[in-house]
4 protein chains.
Amino acid sequence: MTVYYHDYLELDRLLDCQHLASPSSPGGVAHDEMLFVVVHQTYELWFKQILWELDDVIARFDAPVVDESEMAWVNDRLARVVEIQRVMIAQIDVLETMTPMDFLDFRDLLSPASGFQSMQFRLIENRLGVRPEDRVTFGGARYTERLAGDQLDVVLRSETESSLHDVVGRWLERTPFLDGEQYDFWTTYGRAVRDMLEHDRTVVATNPNLTDDERSQQLGAFEQTFRQQEALVDPATHDRLVAEGVRRWPQRSFQAAVFISLYRHEPGIQQAYRLLALLADVDEGFTSWRYRHALMTQRMIGRRVGTGGSAGASYLTRQAERGRAFPDLMALPTFLLPNRARPDLPHALVRQLRFRFQTPDGPPEGGPEPG
Amino acid sequence: MTVYYHDYLELDRLLDCQHLASPSSPGGVAHDEMLFVVVHQTYELWFKQILWELDDVIARFDAPVVDESEMAWVNDRLARVVEIQRVMIAQIDVLETMTPMDFLDFRDLLSPASGFQSMQFRLIENRLGVRPEDRVTFGGARYTERLAGDQLDVVLRSETESSLHDVVGRWLERTPFLDGEQYDFWTTYGRAVRDMLEHDRTVVATNPNLTDDERSQQLGAFEQTFRQQEALVDPATHDRLVAEGVRRWPQRSFQAAVFISLYRHEPGIQQAYRLLALLADVDEGFTSWRYRHALMTQRMIGRRVGTGGSAGASYLTRQAERGRAFPDLMALPTFLLPNRARPDLPHALVRQLRFRFQTPDGPPEGGPEPG
Amino acid sequence: MTVYYHDYLELDRLLDCQHLASPSSPGGVAHDEMLFVVVHQTYELWFKQILWELDDVIARFDAPVVDESEMAWVNDRLARVVEIQRVMIAQIDVLETMTPMDFLDFRDLLSPASGFQSMQFRLIENRLGVRPEDRVTFGGARYTERLAGDQLDVVLRSETESSLHDVVGRWLERTPFLDGEQYDFWTTYGRAVRDMLEHDRTVVATNPNLTDDERSQQLGAFEQTFRQQEALVDPATHDRLVAEGVRRWPQRSFQAAVFISLYRHEPGIQQAYRLLALLADVDEGFTSWRYRHALMTQRMIGRRVGTGGSAGASYLTRQAERGRAFPDLMALPTFLLPNRARPDLPHALVRQLRFRFQTPDGPPEGGPEPG
Amino acid sequence: MTVYYHDYLELDRLLDCQHLASPSSPGGVAHDEMLFVVVHQTYELWFKQILWELDDVIARFDAPVVDESEMAWVNDRLARVVEIQRVMIAQIDVLETMTPMDFLDFRDLLSPASGFQSMQFRLIENRLGVRPEDRVTFGGARYTERLAGDQLDVVLRSETESSLHDVVGRWLERTPFLDGEQYDFWTTYGRAVRDMLEHDRTVVATNPNLTDDERSQQLGAFEQTFRQQEALVDPATHDRLVAEGVRRWPQRSFQAAVFISLYRHEPGIQQAYRLLALLADVDEGFTSWRYRHALMTQRMIGRRVGTGGSAGASYLTRQAERGRAFPDLMALPTFLLPNRARPDLPHALVRQLRFRFQTPDGPPEGGPEPG
């Protein structure tokens, strides 16, 4: 069968989806309306692609057992989302070639349409794990307010489906390395963290460059940190942090994320660490895009009031900070250790984290290695 | 004379400015410390370049009369700053290849050094026009707290020198087109803006898609907008906005900025408009970089308390929103008009805005045109 | 009327243009086929936008007289194309997240479809001014070989329509400043250029760091340069360069481009210079994209033979170098002068290049200036 | 000890390495010379960082046995180089804000300095594995021609040291999976590749859309491909390709690269595949940067003859294509298979490629899995 580029890409239809509203308006064709349409349409195509990747990743994780071979696909898909986010951010520079005056030429025709209404983007947020309660409400309206029919159904259903946050949390929870018999990792680790935090506290307490205000403010902050550190081993403290919205994952998932970060170079952990890093990238990528979007909106419409309930710039800035799907990853760094302070893993565990083709004890005692 | 690349760029010295602190520490060489040093040093080189450009632009504007030929140089320098800002933002992706654990390997050695302390960046902010009162204080400390000696002097002196904000404001204030005799621009324009705002208010009042909360919130916002619009013509209202920190430029400068935005295609105004657009780009570029910087810091140190009075992530986020040098430019869009609603300029003024080589009345009546 | 985001952007149709070929193939769904489709569709949307901008620019220039106010619009549209090109290049990074193996999963289904076949991109090239003879032929086939029906008609017609290259060439040709009476610019300028070239030749002849081979090779090259410089004033020499494909614009257009580059800071010339710089940006942007496209293709299919007459990587590399629309702009730098060596313009001409609102002789003698 | 940002970064010295040549020249300060210096200095800082990363990676691989835990560090360092390359390319946009005229203001003062002379960049190329014979000679001069003293020594020595190309080649050569007893991978694989190539040949032979010229050209190309495919199993054919410069790695290394690409999802192979992908990224990144550099040079100096033996644009374009360190990676795609055509690995080998903590036979038969 002969396939033509033009037909394969369905260009007759794709390139016939740009019908401007301005030509039939009193002002006539607003030249920049085409840009507005094309930029938003490319965003929607990217959103579709991101959903395609996220759905695949969630499906692979949403199983009682995830084979290690899945990590190759999962990480590749997330790395792709990160590249798409770079393009999404670059597209804002394109949209900003439109001046506020040129936007005014057709702004009224769109009322009350607004970028606030992309169903696909809300789906992306839900798939990642942004919860309804993480969203800034706008004038009391729910984030689904402007959706109707099928679109509303799809978005509401996605609230109840497994998110990437949840399936990764459950996968982390099942990590088997954390509690081998005779292996008291958390005691050793907890001591090392406390040593580090206490050392930091001493530095602060004796730092002659700090003003008194700074010092007392920072020493106060240490108390919170100590309490959070306790949550690593005390289930009740962890639950309280969850209730306060400071943690989202179960305690054991958070522990696994700490463990994976510390021992990321062990063969059996390298891909798991890459996953955590990519999730942080994706989360930060959307936050970063939201900030750029907020700045662009502010430049385009200033503090002008939207006419259609569209989201103003200050709303967008607040939402940028709220719409994180993986807040636990942001909390991790507080509980990490320098490489030199990291407790050694017991020999038997190191052995488990190696490949079968590797000699159990590694190169020193071993025979030929793969590379 | 023979000049060698290596000598010309002073590479013997430049490449001998990277002395890591970690090799002499108990943990030994922290591989990623080199990245930390190199990234910050490239930032400092870019800061030097940006100051080089800003100083030149300010010097050209800081004169009783600015010849129109200066606009070519001024706009080129600002466009260069915008390109440098893109690189500055891309560099964050490089720094983020360092993991929080790798940072911990040498973080303590730097205490209390922090990016918070770049003298050059503070100079850039002051040159642009960020005022001490626009800065978020950190634990009560002034932004100059960690500077000493010559560096402190330089920064304090820059507070008193002409900033880009100020020299552009004075240049705008001298714009001669705004008050020709018999030319009542502000009356015509004011009517057009009020028409637009009232039309918007009606749309809001009758929009069935708005919730009651949204509607009343937005109608309330219109009252503020009407008051701000009054400030365009009423000096007392303008002065009150200045006192409240909502405006910074003199009324006449703000008027000139509105005028320039509306008639940006007139030959005599094209470069002035490009200047305003570039100032908005530069301002937004630094804000955008600060947001990315805040996100990166959060990822690297989490909510961990800095040991040296270094600025945490939440401080950085707040400063990103505060450190705008040109807030008036952000306020502009509210008072602009679509191209079709723009009042016609009087014939005599249009004539003044043309080149001498153009026939006074333009193509229709005129003879041969230059191109 | 109420307009919804979803309807306005025609998302029902837009997001229904991605029908993969792989699901009905023996191998089943090829996950990455969606990426392939979406990336190419976003390119086609950007192509549509670029054509929208180029058509507008050409229409504004394709007139016997171009009012100076047009320059604002023209330059803004071209600056937008440059931003779109940045996104186009960034999208290659997205496509490269697909591995060669994943591409193989659906490559056969597309045969003989290939990116070689985008009608819109050929239109862009023709609109810019790439001529059929500038194209690398592929196996003897014309670049229109794979087009049919309406698409073929549109592309063939565009070969005969005014290109951006042509309309700008004609606009430059009409530049009125070049030959005022008593104004012998070309004599003065020609002397300055010859001085510079002869100085360079002496440096080369006496440079002790050059090998004999290098020296003789470079001295030979100077002879060519002197001949090209002659073409600036001698019509017959210029015509010979045109016949050889070394120049495309008429002599007078090339002269105007030199003049505009040298006196780019004069008020009446600033926007014309910006136009030339943007044309060089656009030309270089597409060349740069073609190179990246060639590298990506090489990585994806190696030196594998295409099955559908699709263009291999080496073809793409050659085309990247050939498909320049504005070769004269690349030739310009050879004939430019440092700012200090630039001949002064006669007083009367400087006056013509000023705005009417400026005092004829500029600030020194003049009264209040506009800013 | 108190460490200050300013002292730690050695800013007093770093920011005192920019001494312009123009202020003492007849033309006075050339404003853009600062940009020229700063851009090149930031490049040199990035080069230092890249060498820091490459040296570390080579040291880790340059051992008889490479433990699998090294892959985490190695891949992270190479991923960092890729991010630095993005910044290097973005910096070209900054340098291009300088006009050719502004460059002329100080170009002569640098003679014969040129970017051609960066010792560090030559070191990078040698470290990667670019050989002297891969370099385009310039007027007969060797690439070390303009170096002297210590710098020459360092570069010459690097020619004899282990390059990344070589140590990775040796590591690949030691891959143990390729020839298990009773495991006749290459027979099965060879058959699958030949089937694919023959299928492609039939498509070409019967494709009605090809012109006769295209068809015969492509069928001819298939003969070459079949011969190259033979080289995968026949040592003599492989050696001939090496002699012709079409291959660089030993046959067994090339085989390993094919194997790794095909089975990249197996746990024991995921990081090895990531390594190959990153090497291709790095190689392509430098090629891409060289192309952009060539385009920038052409724009800045046109076809003007350099005065100091500096490399012209056409030289740079040719070098961009030549300076590949990993040509074998570019040849790989020809010999890959779609996922569905990939031969199954024997059970015992799959088992070897799993972690010890995994049950030998994977999820279906196995017990609880790690996540």
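Just so it is clear, the model here is predicted, and its values are computed rather than measured. (Residues numbered from 1 in each chain as written. Chains lettered and ligands numbered in written order. Predicted model: local features only at pLDDT ≥ 70, side-chain atom pairs only at ≥ 80, totals over all residues. Heavy atoms only, no water.)

S.K.: Any chance you could explain the overall build of chain A here in plain terms?
M.R.: A count of helices and strands for chain A gives 16 helices and 0 strands. Burial status across chain A gives 66% buried among its 371 residues. Restricting the contact set of chain A to residue pairs at least 6 apart, pairs at least 24 apart contribute 73%. If you sum the accessible surface of chain A, you get close to 12,800 Å²; carbon and sulfur atoms cover 51% of it. (Helix = DSSP H or I, 4+ residues; strand = E, 2+ residues; numbered from the N terminus. Buried < 20%, exposed > 50% of the residue type's maximum accessible area, 1.4 Å probe, protein only. Contact = heavy atoms within 4.5 Å. Areas by Shrake-Rupley, 256 points an atom, 1.4 Å probe, with all protein chains shown as cover.)

S.K.: So what exactly am I meant to see when it comes to the packing of aromatic side chains here?
M.R.: As enumerated under the stated definition, the model contains 84 aromatic pairs over all chains in all. An aromatic cluster is defined as three or more aromatic residues linked by ring pairs; in this entry it consists of Y43(A), F47(A), F121(A), F286(A) and W289(A). Looking at R135(B), its charged tip hangs above the ring of Y143(B), at a distance of 3.8 Å from the centre. (Phe/Tyr/Trp six-rings, centres within 6.5 Å; stacked < 30°, edge-to-face > 60°. Lys NZ or Arg CZ within 6 Å of the ring centre and 35° of its normal.)

S.K.: Can you walk me through the interface of chain A and chain B in this structure?
M.R.: In this complex, chain A contributes 73 residues to the contact, which on the side of chain B involves 72 residues. At the boundary of chain A with chain B, total buried surface from both sides reaches about 5,800 Å², with 51% on carbon and sulfur atoms. Between the two partners, chain A and chain B, sit 12 salt bridges. In this structure, R292(B) engages E284(A) in a salt bridge whose closest nitrogen and oxygen atoms are separated by 3.9 Å. Where chain A meets chain B, there are 20 residue pairs in polar contact (both at pLDDT 80 or more). Listing elements by their share of the side of chain A that touches chain B, those giving two or more residues are α4 (70–95), α5 (100–110), α9 (185–206), α10 (212–230), α13 (270–301) and α14 (313–322) of chain A. (Buried area = accessible area lost by both parts, 1.4 Å probe. Salt bridge = Lys/Arg side-chain N within 4 Å of Asp/Glu carboxyl O. Polar contact = N/O pair within 3.5 Å; in protein donor to acceptor, adjacent residues only side chain to side chain.)

S.K.: Honestly, the packing of helix α3 (residues 33–61) of chain A against helix α8 (residues 164–173) of chain A in this entry has me stumped. Any pointers?
M.R.: For any two helices packed against each other, one specifies the inter-axial angle together with the distance between the axes. Residue and element names in this part refer to chain A. One way to put it is that α3 packs onto α8 with a least axis distance of 9 Å and a crossing angle of 30°. In terms of orientation, α3 and α8 fall into the roughly parallel class. Where α3 crosses over α8, the handedness of that crossing is left-handed. On α8, the residues touching L54, V57, I58 and F61 of α3 are L164, V167, V168 and W171. Split into classes, the residues belonging to the contact of α3 with α8 amount to 8 nonpolar, no polar and no charged. (Axes fitted to C-alpha atoms, helices over the stretch in contact; angles between N-to-C directions. Parallel < 35°, antiparallel > 145°, perpendicular 65-115°, else oblique. Left-handed = near helix turned anticlockwise from the far one by under 90°. Nonpolar A, V, L, I, M, F, W, Y, C, P; charged D, E, K, R; others polar.)

S.K.: Before we go on, may I ask you to explain α13(A) in this structure?
M.R.: Because each turn of an α-helix spans 3.6 residues, side chains separated by three or four positions end up pointing in the same direction. Residues and elements named next belong to chain A. The end-to-end C-alpha distance of α13, which contains 32 residues, comes to 46 Å, matching closely the 46 Å that a straight helix rising 1.5 Å per residue would cover. The element α13 is extensively covered by neighbouring structure, given that 29 of its 32 residues are classed as buried. Just past α13, the residue G302 takes up positive phi, approximately 60°. (Expected span 1.5 Å × (residues − 1).)

S.K.: Help me understand the relation of the copies chain A and chain B in this model?
M.R.: Applying a rotation about an axis and a shift along it to one chain copy brings it onto the other copy. Of the two same-sequence chains, chain A is brought onto chain B (RMSD 0.0 Å, axial shift 0.0 Å) by a rotation of 180°. Taken together, the rotation and translation relating the two chain copies correspond to the operation of a two-fold axis. Ranked by how close their C-alpha atoms come to the rotation axis, the residues of chain A are headed by Y291(A), at 3.7 Å. (Least-squares fit on C-alpha atoms with pLDDT ≥ 70 in both.)

S.K.: Would you mind showing me how to read the interface of chain D and chain B here?
M.R.: Listed by partner, the interface residues are 65 residues for chain D and 64 residues for chain B. Across the chain D to chain B interface the summed buried area is about 6,100 Å²; carbon plus sulfur atoms make up 64%. Taking the shortest distance from any N to any O, the salt bridge between R13(B) and D16(D) comes out at 3.5 Å. There are 26 residue pairs in polar contact (both at pLDDT 80 or more) connecting chain D and chain B. Taken together, the elements giving at least two residues each to the side of chain D that touches chain B come down to α1 (5–8), α2 (11–14), α3 (33–61), α4 (70–95) and α5 (100–110) of chain D. With 18 residues, α3(D) is the single largest residue contributor to the side of chain D that touches chain B. Taken together, the residues of the side of chain D that touches chain B sort by class into 32 nonpolar, 18 polar and 15 charged.

S.K.: For this particular structure, what's the right way to read a negative patch on the surface?
M.R.: A contiguous patch of negative charge, built from D7(A), D12(A), D150(C) and D153(C), is present on the exposed surface. Within the fold, D12(A) resides in helix α2 (residues 11–14). (Patch = residues over 30% accessible without salt bridge, like charges linked within 9 Å, V, L, I, M, F, W, Y side chains within 5 Å. Lys, Arg positive; Asp, Glu negative; His and termini not counted. Charge placed at Lys NZ, Arg CZ, Asp CG, Glu CD.)

S.K.: Looking at this structure, how should I read unusual backbone geometry?
M.R.: Residues other than glycine predominantly adopt negative phi, and peptide bonds predominantly adopt the trans conformation. For E10(C), which is not glycine, the phi torsion reads 55° and is therefore positive. You can see E10(C) is positioned in the loop between α1 (5–8) and α2 (11–14).

S.K.: How should the pattern of salt bridges be read in this particular structure?
M.R.: Any two side chains of opposite charge can pair, given that their charged atoms come close. For the structure shown, the criterion picks out 127 salt bridges over all chains. With a shortest N-O distance of 2.6 Å, R77(B) and D56(B) are connected by a salt bridge. Here R77(B), found in helix α4 (residues 70–95), pairs with D56(B), found in helix α3 (residues 33–61); they are 21 residues apart in sequence, far enough to count as distant. A salt bridge links D212(C) to R215(C); the nearest nitrogen and oxygen atoms lie 3.3 Å apart.

S.K.: Could you clarify how one ought to interpret the nonpolar core in this entry?
M.R.: One recurring pattern in soluble globular proteins: nonpolar side chains tend to sit buried together. Of all hydrophobic cores here, the largest spans 445 residues; its most connected members are L164(A), L164(B), L164(C) and L164(D). Discounting residues that sit within four places of it in the chain, L164(D) has contacts with L54(D), V57(D), I58(D), L78(D), R127(D), L128(D), L279(D) and F326(D). (Core = buried A, V, L, I, M, F, W, Y, C linked by side-chain atoms within 4.5 Å.)

S.K.: Mind showing me how you'd approach the confidence of the model for chain A here?
M.R.: Detailed reading of predicted coordinates is not advised where the pLDDT is low. All names here are of chain A. In the predicted model, chain A carries a mean pLDDT of 87, and the fraction of residues at 70 or more is 89%. Taking the mean pLDDT of every element in chain A, the minimum, 76, falls on α14 and the maximum, 98, on α3. Considering only residues more than four positions removed or in separate chains, one finds that residues 363–371, a stretch of pLDDT under 50, has 20 contacts. Model confidence for the complex: the whole-complex pTM is 0.94, and ipTM, which rates the interface, is 0.92. (pLDDT = per-residue confidence, 0-100.)

S.K.: What exactly am I supposed to notice about the relation of the copies chain D and chain B here?
M.R.: Turning chain D through 180° and shifting it by 0.0 Å along the axis lays it on chain B, with an RMSD of 0.0 Å. Counting the interface residues of chain D, we find that 98% of their copies in chain B are interface residues as well, pointing to one common contact surface.

S.K.: Where do I start with the state of the cysteines in this structure?
M.R.: Joining two cysteines, a disulfide is a covalent bond between their sulfur atoms. For the structure on display, the rule yields 0 disulfides over all chains. Lacking any disulfide linkage, C17(A) is separated from the closest cysteine sulfur, that of C17(C), by 5.0 Å. The class of C17(C) is buried, set by a relative accessible area of 0%. (Disulfide = S-S within 2.5 Å.)

S.K.: Please clarify how the side chain of E33(C) should be interpreted in this entry.
M.R.: Looking at where E33(C) falls in the secondary structure, it is placed in helix α3 (residues 33–61). Despite being buried, E33(C) has no salt bridge partner; R340(D) is the closest side chain of opposite charge, sitting 9.7 Å away. A polar atom in the side chain of E33(C) sits 2.7 Å from the backbone nitrogen of A21(C).

S.K.: Is there a simple way to explain the packing of α9(A) against helix α12 (residues 251–262) of chain A in this structure?
M.R.: Residue and element names in this part refer to chain A. As a packed pair, α9 and α12 sit with axes 13 Å apart at the nearest point and diverge in direction by 70°. With respect to α12, the axis of α9 lies roughly perpendicular. Contact with α9, carried on its side by F185, W186 and Y189, involves Q255, V258, F259 and L262 of α12 and no other residues of that element.

S.K.: Explain the environment of V282(C) to me, please; I cannot follow it from the model alone.
M.R.: All names here are of chain C. With respect to the secondary-structure elements, V282 resides in helix α13 (residues 270–301). Counting along the chain gives 47 residues from V282 to P235, while the straight-line C-alpha distance between them is 29 Å. Those residues in contact with V282 that lie beyond four places of it in its chain are L78, V81, V82, Q85 and L128.

S.K.: Looking at this model, I keep getting lost on the environment of R340(B). Mind explaining?
M.R.: The residue R340(B) is located in the loop between α15 (327–331) and α16 (347–352) in this model. Relative accessible area serves as the criterion here: at 45%, R340(B) is assigned to the partly exposed category. In sequence terms R340(B) and E68(B) are 272 residues apart; their C-alpha atoms lie 29 Å from each other. Apart from residues lying up to four places away in sequence, R340(B) is in contact with G27(A), L104(A) and D105(A). Among the polar contacts listed, one links the side chain of R340(B) to the backbone oxygen of D105(A), at a separation of 3.2 Å.

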